[in-house]
Structure formats: structure tokens, C-alpha cells
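Analysis of the macromolecular model
Listed here are the chains, written in short residue letters.
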Amino acid sequence: MTVEERIRGRKIGIVGMARSGVAAALLADKLGGRPFVSDSGSAAALSDQLHKLKNANIPFETDGHSNYLLECDYIIISPGIPLTSDIAQRIRKKGLPIFSEIEFASWVCRGQIVAITGSNGKTTTTTLIGEIFKAAGWKTFVCGNIGLPFAEVATEVPSDGVAVVEVSNYQLETIADFKPQVAMILNLTEDHLERHGSFEEYKLAKYRITENQFSTDYLLLNWDDANTVSTEIKTLAKQLFFSIEDTDNTASFVRGGWLYVRKDNREEQIIACDDILIPGPHNLQNAAAAATATSLLGVNAASISHVLRTFSGVEHRLERVDSVAGINFVNDSKATNVDSVCYALQSVNPPLYLIAGGREKGASYKPLIQYGKGKIKEIVVIGEAQEKLLQELGSEFHVRFADSLEEAVRHCFEKAYPGETVLLSPACASFDMFDNFEHRGRVFKTAIAELRNGKKNHKSTTI
């Protein structure tokens, strides 16, 4: 079936009016489809989205999902709506195909697709790969779970261009033909157990990134992560590995303090590890992954090296926000799982005050003990996970509750001394108190700006 046959004249139901849902509706309308968008939220809460749909004359409904959805030819579902939800079960009972927005967008993308998934580092690596392609002169579109929906740019990607797509496990649950030329699994740790039920099911969702690849495609895996070096992954693609060890069987590696890539049985020196601007061992892994992916598609070492030397990271991921009265503030709001916080604790200089908490995702917080011991002076916790954080970490650290993120920031500022750091690295989802991790990060930065503007005086620094 051609792309035109899949879309033109077809009744396409779209469940969820978030960014990806609206983008899918606009794309369907542009290509001659007949989209209908349904959301359980109120019209008042969805005013921005409704404005876009009204301008395009796309029909919609709010405050629930009617049976009109079940009259569509197929459904595009928001990644935030579980397949166990009532509406998803109704759709399945009707026998309608369910696709993700990245699946739908991939049907019309003419360029190459580089897709990145994993538990941690996706946004940094996706952005980094995009910057390298841009530096090399490629027509590059960075999109997906990173914020800009794939459907918003899919038709703009030319045949000689590349879409660099961050892909979540939620989006991979409902693919059918999605096929990247280069797929990447950065690492796998326990995450989203509240949705998948077990680590095994979570891993299987991630593995789907490669299920449609051909023998001419590439699957990149992390040699240093036991869960990605796995015989469970079924693929026709060429499996290659990246590493920060000195190894003989990987496509990238570190030797003598330098990052190398290995291609066509030839080793090429890329950059001294100390010259990579983004800090921490996890970011060295991200750099190795990015260098491997871009090198495979023909980017030269000079372009890779230049970006690694100048790329300062992404917003909300170990973002150094400000220093107020000598107190350093680091925004790591994107750290929504425990392993991500462990990486942060290895990358931020102690002593520090950790702000954590939010909506828990099913994993234990106890690994923080190993990485935080001797570094964390106090943990200030917010949100629904307060009691569990206290129960699991209270015997090793001083744990204090705060009713809001702003209160947590003020408390840490009052307690900290010059040279110390206040780190927001929640280890939890944000949805109990915020719209998303970006919203949480912005609130953190606003609270710091208020300190900077003198709305809160620091205590005396005399010891």
C-alpha cells in the first residue's frame, strides 16, 4: 500500500491532543486524510491545541472519547495513553489498528532516519548527533520525544537529509513499519515499571526499535551496559557496539585518554576525552555513541571533534543555571529515573544538596546511597514519592520534606555555603506537580532568579 493509499481519504482517529497528536492531525490533513482528534481533557485546558485545530478546520472532541473514534480506519494514539486504558481497549476490541505518531510520520519521511532510545542520555545524544550532522552540512531535523514532533517535520526532510529522532518506549509500543537506517539503544535500566509491569517487558518495548531493520541497516548498542549486550535482541541489522573502554571488537572506544572510531578496519582518532565539553562518564558514552552513528553515515572526524569540543549540553540536563552568593545551582530536571541521578552525582562536584521527588516509577532509590555517600549533605524531597524516599534513604542521609519546589530551593539556599551546589535531580516523573519535566525545570530556574534578584537574602556565610 502506498503512502497516499494509507492516508488520502482515510478517516484517521487521533487520541490525545498533546504536541504529537496535533502534529499528526495537521500532517494527516495536509496529505488529504480526514483526521478527527479526541481528548479526555477540558476545552479550557486545551485552548492552545484547539486554536490550531480550528484554524485547520479539523474536527475534534474534548471531555471524553465518543464512539465516533471507532468509525475511523485506524488510530494514532498519544504515547501518554497506556494500551491498558479504557479507550485503547475499546479500540482494540473494535479491531482497529493503533499506531504511534512516529510510525505515522515515518511513512512520509524521504530522508534517512537515525533513531535513539534508551533509559538515559537520549535527549543529549539526539541533540549531539543533530549538531554533528549540521556541522557536516547535512539537512538535519532533530525531533521525536525531544519536543518537536516527528510529524511536524517529516515531509520537510529531503532525500539527502536526515531525521534524528528521539524515541521512547511508549512510542515504540505502537509501531508497525518504523525503520531507521541507524537505530541505537544507549542503555537499559529499570524505568517505567508502573506502565510495563516488569523490567523484561520494558526492555522488549525498547528492542522494537530494530524489528523492521534490514541487513543494510545498523543497530548500535552499548558494550559497557550488560542489558544492551543481549542475545534477546532479534534483528537483521548489522550490530555494532560503542564503548568507553579499550576494546578490540567495538566501533568506538577509548585508548590513552582519546576517543576513537573504528571503520572499515581502520582506527581514527577523534578527540581527547578531556576536551569533550559536556561532563561526566555518561556523557563520554553519549559522545562515543554519537561519533559512531555519524561516522557510519560518512561524517568526517573534524566535524565530530568540533561539535564534541563546543557542545555544552541540553536544557534541563545537568544545566548549570547560576551561582548566587557563591552557591551553585544545577538543573537536572530531566533526570526522571534513579540511574540518571546516579550519573548526575558522578558529574557534579560535592558537597551538594539534592532536591528529589515527584511521581515514582516503581524502581528502588537505594542505588543513590552508593553514589551519594560522602557527597550529599541533605536531600530535600517533594511530591508523591516523599515517604518512599524517606523510607529507603533516611537511614543514610538527612531527608527533609518540602511542600513545593520553590520552598525546597529556598531551604537549600539558606543551608548551603559558598562553593556548595544545589542539584535538582528528581529521580521521579513530574506529573504530580508539573506539566512535564521542562515545566519543573523552569520553575526551578525562576526560583533561582528570585534569589538572584534579592527577594530572598542569604544567611551569613560566617562559620
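Structure first, text after, so check above.
Throughout what follows, the structure given in this document is the object of discussion. (Residues numbered from 1 in each chain as written. Predicted model: local features only at pLDDT ≥ 70, side-chain atom pairs only at ≥ 80, totals over all residues. Heavy atoms only, no water.)

**A look at the pairing of strand β1 (residues 11-15)**
Which entries qualify depends on this criterion: Residue burial is assigned from relative accessible area. The probe radius is 1.4 Å, only protein chains are included, and a residue is buried under 20% of its type maximum, exposed over 50%, and partly exposed in between. Helix and strand labels come from DSSP, where a helix needs a run of H or I of at least four residues and a strand needs a run of E of at least two; each type is numbered from the N terminus. Strand pairing is defined by DSSP finding a minimum of two bridges between the two strands.
For β1, a buried count of 5 out of 5 residues is recorded, marking the element as mostly surrounded by other parts of the structure. The alternating pattern of β1 places Lys11, Gly13 and Val15 on one face and Ile12 and Ile14 on the opposite face, and all of these are buried. The sheet contact formed by β1 and strand β2 (residues 34-38) spans 5 bridges and is parallel. Bridge assignment links valine 15 to a residue of β2, and that residue is serine 38.

**With respect to the environment of threonine 127**
Heads up, the condition is: The contact rule is simple, with two residues in contact once any of their heavy atoms fall within 4.5 Å.
By the secondary structure assignment, threonine 127 is in helix α6 (residues 122-135). Once the C-alpha coordinates of threonine 127 and valine 22 are considered, the two residues, 105 residues apart in sequence, prove to be 23 Å apart. What threonine 127 contacts, discounting residues up to four positions off in sequence, is Ile146, Phe311 and Val314.

**Overview of the pairing of strand β4 (residues 74-77)**
So the rule is basically this: By convention, a crossover is right-handed whenever its connection, traced from the first strand over the helix to the second and viewed with the strands pointing away, goes clockwise.
By the alternation rule, side chains of β4 split into Tyr74 and Ile76 and Ile75 and Ile77, which are all buried. One ladder, built from 2 bridges, connects β4 with strand β5 (residues 98-99); its direction is parallel. What sits directly across from isoleucine 76, in β5, is phenylalanine 99. For the crossover that starts at β4, traverses helix α4 (residues 86-94) and ends in the parallel β5, the hand is right-handed.

**Structural notes on the sheet that holds strand β14 (residues 266-272)**
We count it as follows: Simply put, an axis is a line fit to the C-alpha atoms, just over the touching stretch for a helix, and the angle between two N-to-C directions goes from 0 to 180 degrees.
Spatially, β12-β13-β14 is the arrangement adopted by the 3 strands of the open sheet, whose pairing is antiparallel. Of all strands in the sheet, those with a lone pairing partner are β12 (252-255) and β14, marking the two edges. Taken over all neighbouring pairs, the strand axes of this sheet differ in orientation by 30 degrees on average, direction set aside. Pairing of strand β13 (residues 258-263) with β14, which is carried by 6 bridges, proceeds in the antiparallel orientation. Looking across to β14, one finds that valine 261 is bridged to glutamate 268. Most of the contacts of helix α11 (residues 281-296) go to β13, to which it runs at about 30 degrees, and overall it touches β12 and β13. On the sheet, helix α12 (residues 301-310) packs against β13 and β14 and is oriented at approximately 25 degrees with respect to β14.

**Notes on helix α13 (residues 338-347)**
Spacing of three or four residues puts side chains on the same side of an α-helix, whose turn is 3.6 residues. Our working definition: Polar contacts, as counted here, are pairs of nitrogen or oxygen atoms within 3.5 Å of one another; within protein the pair requires one atom able to donate a hydrogen and one able to accept it, and residues that are adjacent in sequence qualify only if both atoms are side-chain atoms.
When you tally the buried positions in α13, you get 8 out of 10 residues, the bulk of the element. Buried residues in α13 make contact with α11, β15 (319-324), β17 (352-357), α14 (367-372), β18 (376-382) and β20 (421-424). Two or three places before aspartate 339, at the start of α13, stands the capping residue asparagine 337, its side-chain oxygen 3.4 Å from that residue's backbone nitrogen.

**Regarding unusual backbone geometry**
Cis rather than trans, the peptide bond between proline 350 and proline 351 has omega equal to -5 degrees. As for its placement among the helices and strands, proline 351 is situated in the loop between α13 and β17. Look at aspartate 63: it is not a glycine, yet its phi comes out positive at around 65 degrees. Here histidine 316, not a glycine, exhibits a phi torsion of approximately 75 degrees, which is positive.

**A closer look at the pattern of salt bridges**
For clarity, the cut-off: A carboxyl oxygen of Asp or Glu within 4 Å of a side-chain nitrogen of Lys or Arg is what we treat as a salt bridge.
Per the stated rule, a full pass over the model turns up 22 salt bridges. Among the ionic pairs, arginine 452 bridges to aspartate 322, the shortest N-O distance being 3.0 Å. Within this pair, whereas arginine 452 is found in helix α17 (residues 437-452), its partner aspartate 322 is found in strand β15, the two being separated by 130 residues in sequence. The class of arginine 452 is partly exposed, set by a relative accessible area of 45%. Close ionic contact of arginine 359 with glutamate 384 constitutes a salt bridge, the shortest N to O distance being 2.9 Å. A residue pair is termed long-range when its members are at least 10 positions apart, and arginine 359 in the loop between β17 and α14 and glutamate 384 in the loop between β18 and α15 (386-393) qualify at 25 residues. Using a relative accessible area of 51% as the deciding quantity, one classes glutamate 384 as exposed. Each member of the salt-bridge network shares a partner with another, and the members are Asp246, Arg255, Arg262 and Glu267.

**Concerning the packing of aromatic side chains**
What counts is decided by this rule: By convention, a stacked pair of Phe, Tyr or Trp rings (six-membered ring in the case of Trp) has centres within 6.5 Å and planes under 30 degrees apart, an edge-to-face pair has planes over 60 apart, and any other such pair is tilted.
Enumeration according to the criterion identifies 11 aromatic pairs in this entry. Considering the side-chain rings of tyrosine 74 and tryptophan 107, the 5.9 Å spacing of their centres and the 75 degrees angle between planes classify their relative orientation as edge-to-face. Residue tyrosine 74 is found in strand β4, and its partner tryptophan 107 is found in the loop between α5 (101-106) and β6 (112-117); the two are separated by 33 residues along the sequence. Side by side, tyrosine 74 and tryptophan 107 carry an identical accessibility label, which is buried. Their ring planes at 50 degrees and their centres at 4.8 Å tell us that phenylalanine 133 and tryptophan 138 sit as a pair that is tilted. Three or more aromatic residues joined by ring pairs make a cluster, and in this case those are Tyr74, Phe99, Phe104 and Trp107.

**Let's talk about the side chain of threonine 294**
Along the chain, threonine 294 turns up in helix α11. By relative accessible area, threonine 294 is classed as buried at 0%. In this structure, threonine 294 is in contact with Ile129, Ile132, Phe133, Val299 and Ile304, ignoring residues within four places of it in sequence.

**Looking at the sheet that holds β6**
If you trace the 6 strands from one edge of the open sheet to the other, you get β7-β8-β6-β9-β10-β11, paired in parallel fashion. The two strands at the open ends of the sheet, each matched to only one other strand, are β7 (140-144) and β11 (238-242). Looking at each pair of strands side by side, their axes are set apart by 20 degrees on average, direction ignored. In terms of strand pairing, strand β9 (residues 182-185) meets strand β10 (residues 218-222) through 4 bridges, oriented parallel. Bridged to valine 182 within β10 is tyrosine 218.

**Topic: the nonpolar core**
Rules: Note on terminology: a nonpolar core comprises buried Ala, Val, Leu, Ile, Met, Phe, Trp, Tyr and Cys residues joined through side-chain atoms within 4.5 Å.
Ranked by size, the top nonpolar core spans 51 residues in total, and within it Ile12, Phe104, Phe150, Val165 and Phe178 carry the most contacts. If one sorts the elements of this core by residue count, helix α2 (residues 19-30) sits on top with 6 residues. When neighbours within four sequence positions are excluded, valine 165 is seen to be in contact with Ile102, Ile113, Val114, Ala115, Ile116, Thr126, Cys143, Gly144 and Phe150. In terms of nonpolar packing, the next biggest core, distinct from the first, is built from 39 residues, Val162, Met184, Leu220 and Leu259 among them.

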